[in-house]
Amino acid sequence: MNEFSRRLLDWYERFGRRLPWRGRADPYAVWVSEIMLQQTRVETVVPYFERWMARFPTLADLAGASEQEVLSAWEGLGYYSRARNLWRAARQVVAEYGGRLPEDPTILQRLPGIGRYTAAAIASIAFGRDVPTLDGNLRRVLARLFDVAAPADSPAGEAVLRSLAEENLPPGRAGDYNQALMDLGATVCLPRKPRCSACPLADLCRARAAGVQEARPVLKPKKETPHYLVTAAVVRRNGKVLLAQRPPGGLLGGLWEFPGGKVGEGEALADGLRREIREELGVGIRVGEAFGVYRHAYTHFRITLHAFLCELTDGEPRPLAAADLAWAALEALENYPMGKVDRQIARRLKAEFL
DNA sequence: TATGCGTGGCC
DNA sequence: TGGCCAAGCAT
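A brief report on the enclosed structure follows. Because the structure is predicted, anything quoted here is derived from the model rather than measured.

1. Re the layout of surface pockets
Leftover empty space is mapped by rolling, across the atoms, a probe with the size of a water molecule.
Thinking step 1. When its volume is computed, the largest pocket comes out at roughly 1,500 Å³.
Thinking step 2. What lines the largest pocket is a set of 49 residues, among which Leu-37, Thr-40, Asp-135, Gly-136 and Asn-137 lie closest to the centre.
Thinking step 3. For the lining of the largest pocket, the secondary structure elements donating two or more residues are α2 (27–37), α3 (42–55), α8 (116–125), α9 (136–145) and α11 (174–187).
Thinking step 4. With eight residues, the top contributor of residues to the lining of the largest pocket is α11.
Thinking step 5. For the lining of the largest pocket, the class distribution of residues is 19 nonpolar, 13 polar and 17 charged.
Thinking step 6. Surrounding the second largest pocket, 26 residues form its lining, Gly-78, Tyr-79, Tyr-80, Leu-252 and Tyr-298 being those nearest its centre.
Thinking step 7. A per-element tally of the lining of the second largest pocket places helix α13 (residues 340–353) first, with four residues.

2. Describing the packing of aromatic side chains
Thinking step 1. As enumerated under the stated definition, the model contains 10 aromatic pairs in all.
Thinking step 2. A centroid spacing of 5.2 Å and a plane angle of 75 degrees characterise the contact between Trp-21 and Phe-49, whose relative ring orientation is edge-to-face. In this pair, Trp-21 sits in the loop between α1 (3–15) and α2 while Phe-49 sits in helix α3, placing the two residues 28 residues apart along the sequence. As far as burial versus exposure is concerned, Trp-21 and Phe-49 are alike and both buried.
Thinking step 3. Ring centres of Tyr-298 and Phe-301 lie 4.9 Å apart, and the angle between their planes is 25 degrees; this geometry places the pair in the stacked category.
Thinking step 4. The class for Tyr-298 is partly exposed, based on a relative accessible area of 24%.
Thinking step 5. The ring of Tyr-48 has Arg-51 sitting right over it, with the charged end atom 4.7 Å from the ring centre.
Thinking step 6. Across from the ring centre of Phe-353, 3.8 Å away, lies the NZ or CZ of Arg-236, which sits over that ring.

3. Section: the environment of Gly-284
Thinking step 1. Locating Gly-284 in the fold gives a position in strand β5 (residues 284–297).
Thinking step 2. With relative accessibility at 8%, the residue Gly-284 sits in the buried group.
Thinking step 3. Gly-284 sits 66 residues away from Lys-350 along the chain, and the two C-alpha atoms are 25 Å apart.
Thinking step 4. With sequence-adjacent residues up to four places away left out, Gly-284 is seen in contact with Arg-278, Glu-311, Leu-312, Thr-313 and Asp-314.

4. Focus: the protein's contact with DNA strand C
Thinking step 1. As a matter of local geometry, DNA strand C sits amid 28 residues, with Leu-37, Gly-113, Asp-135, Asn-137 and Pro-191 nearest to it.
Thinking step 2. Considering the 4 Å shell around the protein, atoms of DNA strand C inside it are sugar or phosphate in 68% of instances.
Thinking step 3. Within the contact set of DNA strand C, a phosphate oxygen lies 2.6 Å away from a side-chain nitrogen or oxygen of Thr-118.
Thinking step 4. Mapped by element, the contributors of at least two residues to the surface near DNA strand C are α2, α8 and α9.

5. Let's talk about the nonpolar core
Thinking step 1. Counting residues in hydrophobic clusters, the biggest one holds 43 residues, and the most contacted among them are Tyr-28, Trp-31, Met-36, Trp-52, Leu-62 and Trp-74.
Thinking step 2. Of all the secondary-structure elements, those providing two or more residues to this core are α2, α3, α4 (59–64), α5 (67–74), α6 (81–97) and α8.
Thinking step 3. Among residues more than four places away in sequence, those in contact with Met-36 are Val-45, Tyr-48, Phe-49, Trp-52, Trp-74, Leu-77 and Arg-82.
Thinking step 4. If you look at the next biggest cluster of nonpolar residues, it comprises 31 residues, including Leu-8, Leu-181, Leu-201 and Cys-205.

6. Considering unusual backbone geometry
Thinking step 1. For Gln-39, which is not glycine, the phi dihedral falls at a positive 60 degrees.
Thinking step 2. Inspection of the secondary structure assignment puts Gln-39 in the loop between α2 and α3.
Thinking step 3. The exposure class assigned to Gln-39 is exposed, which follows from its relative accessible area of 71%.
Thinking step 4. You will see that Leu-252, though not glycine, has its phi angle at about 55 degrees, which is positive.

Calculation notes
- Residues numbered from 1 in each chain as written.
- Chains lettered and ligands numbered in written order.
- Predicted model: local features only at pLDDT ≥ 70, side-chain atom pairs only at ≥ 80, totals over all residues.
- Heavy atoms only, no water.
- 1 Å grid on protein atoms, 1.4 Å probe; cavity = no way out; pocket = protein on both sides within 12 Å on 5 of 7 lines; lining within 4 Å.
- Points joined across faces, edges and corners; volume = space filled by probe spheres on them.
- Helix = DSSP H or I, 4+ residues; strand = E, 2+ residues; numbered from the N terminus.
- Nonpolar A, V, L, I, M, F, W, Y, C, P; charged D, E, K, R; others polar.
- Phe/Tyr/Trp six-rings, centres within 6.5 Å; stacked < 30°, edge-to-face > 60°.
- Buried < 20%, exposed > 50% of the residue type's maximum accessible area, 1.4 Å probe, protein only.
- Lys NZ or Arg CZ within 6 Å of the ring centre and 35° of its normal.
- Contact = heavy atoms within 4.5 Å.
- Near = heavy atom within 4 Å.
- Polar contact = N/O pair within 3.5 Å; in protein donor to acceptor, adjacent residues only side chain to side chain.
- Core = buried A, V, L, I, M, F, W, Y, C linked by side-chain atoms within 4.5 Å.

Take a look at the structure:
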């Protein structure tokens, strides 16, 4: 073990975070945590993880649940394909591996939702395999420590960083080594304003000249985010409200929403809403009073959504683009997993009409 | 190789 | 306020 790894592990022993999925002998718990942590902060994940493990304590419990139950438990965490893939993978593990998670990273990587990083993380943390990981934290820490100038999100930069991670891996300690680098990246070697004075590796860091740390890692420029005008129809009948289920795979896949869609350039809001409802559900509506304006920023675009109270005027709704439809009682809206904006509308609907 | 996929916190 | 970022994966 070299100087770098020894100091890193010493630091981890003293300052590593105590997290609910650490120190468990349960590979399933490690797996769940790794999926939840993809592109998501630890503080956000902790309460979801606790609730998840109480609701689906074992891999078999998860495999026996319904997709809707799983999406409900995931609601608010984002990137919902993670939940669907985790559920599908659990069923696959029960069907093909007798309910035991495979230990080999190349086999793990064949399961939906498990890529190169997650396979290595599970193999090293849950099964003690000597495999290096490379995630956002490690990219940043290693790019600074070894002053890597190649873009960290390019294949060339990745290859350099991956070999650095591997060269320094202390045999028999991969799980701790990987997690130590993640903790260092999350608590000390921060993206902005790194706390170099608290870093156990500061004197080894090749980017320790003033300002150089924050110039690492080098990343490719991003595109600007478009802004869309969107409408949604709140259609009520007999104390119930019309919901549409979004098709699987895309944005908020499998979740429920108040039907509607994008408004065209120069198109009036009410016209756009009538057109969307006609195309989506095959019915005509009368657009009534406004029921709120909701602004929301997704990662790659932002929307301004106008909701309207509406009535059916022509025909019974049938699912066309949407996968399914429901007339939902206001009391039961919690049972329909939704994205953030639709959940806001649902809550306000209950407050006003229940 | 580039793009789509959520949400919350920070400045 | 809008932009950036946070334990990636699938296509």
